[in-house]
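Inside the fold
In case you want the letters, here they are:
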Amino acid sequence: MTVPPASVDVVVVGAGVAGLSAARALLDAGLSIAVVEAADRTGGRCVTDATIFDQPFDLGGSWLHSAAINPLARLAERPLDGGGAILHKAPWDWASVFTDGRRLSGAETADYRQYQQEMEAALQRAGADKADCPVDAVLPPSQWQRTARHWVAQMQGGDADVVSVRDVARYAEAPGDWLVQGGLGAWIGNLFFDIPVCLNCPVTRIDHTDEQTRVVTARGDIQCRQTVLTVSTGVLAAEHIMFDPPLSDAKIAAIRQLPMGLLNKVGLAFDPDWSDAGQGHRADYAVGDDQYCTIEFGAFGGNIATGFVAGRFADQLEAAGPSAATDFCLQAVEQLFGSAARQRIIRTFETAWRSNHHTRGSYSYARPGGADARSELAQPIGDRIFFAGEATMTDAYATVHGAYQSGRIAAGRIMALRGMAPRVQPPGV
Ligand SMILES: Cc1cc2nc3c(=O)[nH]c(=O)nc-3n(C[C@H](O)[C@H](O)[C@H](O)COP(=O)(O)OP(=O)(O)OC[C@H]3O[C@@H](n4cnc5c(N)ncnc54)[C@H](O)[C@@H]3O)c2cc1C
């Protein structure tokens with residue numbers, strides 16, 4: 001679709017996972033919709049690039065987290081000819097953990113695993129407390145505290161001293177972190193291949209002063225009754241979209257409480273003949289307190305390792321220029337596996353999600369005291385504007401399945417409003 005229709009029942013703003021799942025549910029209910037997307041592609045933060053390396057590489061979301069309770073995992077488990085996927089379900093193990101370039105012994109690694117369990121229990125206890133606080137304040141004192149901080153930054157996108165412990169405790173963790181062969185973004189793309197989307201069509205204004213809402217886009221105005229808004233809190237905070245009447249103070253406060261964190265990926269394609277590459281599934285590397293990355297050697301027997309940098313350090317690297325994160329990860333490879341290993345890396349690529357105009361970061365975290373902002377953000381504006389997207393999900397934020405569920409929730413609210421029964425089972429697309 002190159003030009004959006006002039007008038008529909010519902011406009012869906014954004015064709016990431018939340019927008020696509022909302023669109024599917026609304027179309028299934030028989031409503032007329034327009035999906036408008038600012039970028040030149042669908043998928044948003046869940047996108048697979050097949051051109052960088054000789055294998056697909058997920059630039060954003062790649063794991064089906066909490067697989068036991070993840071509705072997308074149920075869809076991915078279906079037979080291949082029924083829309084399922086080939087999955088890597090083996091548990092991820094820390095085959096090797098390194099600190100300051102030193103490989104930890106098996107006993108030290110086991111000790112760290114024990115610490116992780118204590119940390120999890122401490123986060124849950126603190127999350128139930130009356131007063132919210134930064135995660136950092138409740139990490140049990142230990143030699144592993146620093147490594148735990150780094151882990152928190154990778155999971156939340158924000159550093160442990162700025163992230164709400166209540167928000168972290170509310171996240172619904174369940175067994176299973178699965179990878180999808182061919183890339184999660186590509187599989188999601190297949191799942192929603194038939195949803196018509198108007199690309200290169202940024203929304204700049206939503207005017208709901210009259211009975212009909214007017215959604216102003218770069219390719220013309222659309223009149224509608226309801227709007228599903230799925231853009232990130234980074235885009236909302238940057239006011240790429242103006243509202244008539246303006247957003248309430250409560251909504252603006254909620255957006256401010258949910259800033260975008262940063263996780264960047266560094267793809268490291270290595271010489272397929274490098275036999276030592278299989279020596280660890282995942283390794284942590286840290287220099288001092290603030291500089292760290294994780295390197296993971298990929299599943300499905302591929303020759304791409306992925307480096308991850310997060311939080312303030314990731315922001316510093318992204319600001320420093322296009323190869324700073326790559327250089328740090330290559331330094332890690334050299335320290336972890338020896339100087340010869342670095343020579344085995346034959347191609348690299350790094351993401352820059354902070355500079356991405358359409359997301360302005362990787363995923364949302366809640367500031368201390370801001371955990372309730374997710375449900376505030378999710379509140380519709382009257383019967384007109386329905387918010388969706390990962391940031392609106394109290395128990396599944398920062399995930400692909402959270403985005404998927406949020407789109408279905410927003411669509412369900414619109415259907416309920418219109419007196420339509422939402423399709424409930426199975427959790428289809
Ligand atoms: C590096 C990285 C790794 C991740 N890893 C995982 C993982 O392993 N597992 C997991 O579950 N999750 C992961 N995530 C998070 C997951 O990708 C996101 O939570 C999810 O994709 C967000 O989907 P969404 O639909 O809420 O938002 P988005 O994907 O951001 O969709 C919003 C859409 O709105 C569009 N848009 C923006 N402005 C406008 C406008 N003005 N007009 C119209 N359209 C607009 C955007 O272009 C975008 O397509 C990761 C994310 C990143 C960045």
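Structure: see above.
Residues numbered from 1 in each chain as written. Predicted model: local features only at pLDDT ≥ 70, side-chain atom pairs only at ≥ 80, totals over all residues. Heavy atoms only, no water.

**Topic: the site of the ligand**
Around the ligand sit 37 residues in total, of which Glu37, Arg45, Trp63, Val203 and Val400 are the nearest. Between His65 and the ligand, the recorded distance is 3.3 Å, taken from a side-chain N or O atom to a nitrogen atom. Residue Val203 places a main-chain N or O atom 2.9 Å away from a nitrogen atom belonging to the ligand. Protein burial of the ligand: of its 1000 Å² of free accessible surface, 98% is covered by the chains. When contributions to the shell around the ligand are tallied by element, the ones reaching two or more residues are helix 1 (17-28) and helix 13 (400-417). (Near = heavy atom within 4 Å. Polar contact = N/O pair within 3.5 Å; in protein donor to acceptor, adjacent residues only side chain to side chain. Areas by Shrake-Rupley, 256 points an atom, 1.4 Å probe, with all protein chains shown as cover. Helix = DSSP H or I, 4+ residues; strand = E, 2+ residues; numbered from the N terminus.)

**With respect to the packing of aromatic side chains**
Throughout the structure, instances matching the rule amount to 10 aromatic pairs. Through a chain of ring-to-ring contacts, the aromatic side chains of Tyr285, Tyr292, Phe313 and Phe328 assemble into a single cluster. In this structure, Arg374 packs its charged tip against the face of Tyr397, placed 4.0 Å from the ring centre. (Phe/Tyr/Trp six-rings, centres within 6.5 Å; stacked < 30°, edge-to-face > 60°. Lys NZ or Arg CZ within 6 Å of the ring centre and 35° of its normal.)

**Here we look at the pairing of strand 1 (residues 10-13)**
Of the two faces of strand 1, the one carrying Val10 and Val12 and the one carrying Val11 and Val13 are both buried. Judged from the four bridges that link them, strand 1 and strand 2 (residues 33-36) form a sheet pairing that is parallel. Considered in strand 2, the bridge of Val13 is made with Val36. For the segment spanning strand 1, helix 1 and strand 2, crossover handedness is right-handed. When strand 1 meets strand 14 (residues 226-229), the two strands line up parallel, connected through four bridges. By the bridge assignment for strand 14, Val13 is matched with Leu229. (Buried < 20%, exposed > 50% of the residue type's maximum accessible area, 1.4 Å probe, protein only. Pairing = 2+ DSSP bridges. Right-handed = clockwise from strand over helix to strand, strands pointing away.)

**Let's talk about helix 9 (residues 311-320)**
Each turn of an α-helix holds 3.6 residues, which means side chains three or four residues apart point in the same direction. Taken together, the buried positions of helix 9 are occupied by Gly311, Phe313, Ala314, Leu317 and Glu318. Down the axis, helix 9 shows its buried residues gathered within 135 degrees of arc, on one side only. Facing away from the buried surface of helix 9 by more than 90 degrees, the exposed residues are Gln316, Ala319 and Ala320. Buried residues along helix 9 sit in contact with helix 4 (145-156), strand 17 (263-270), strand 19 (291-297), strand 20 (304-310) and helix 10 (324-337). Just downstream of helix 9, Gly321 is the residue with a positive phi angle, here 130 degrees. (Arc of directions from axis to C-beta. Contact = heavy atoms within 4.5 Å.)

**Considering the state of the cysteines**
Enumeration according to the criterion identifies zero disulfides in this entry. Of all cysteine sulfurs in the structure, the one in Cys293 sits closest to Cys329, which takes part in no disulfide; the separation is 4.2 Å. You can call Cys329 buried: its relative accessible area is 0%. (Disulfide = S-S within 2.5 Å.)

Everything listed here is a matter of coordinates, which is why it stays silent on function.
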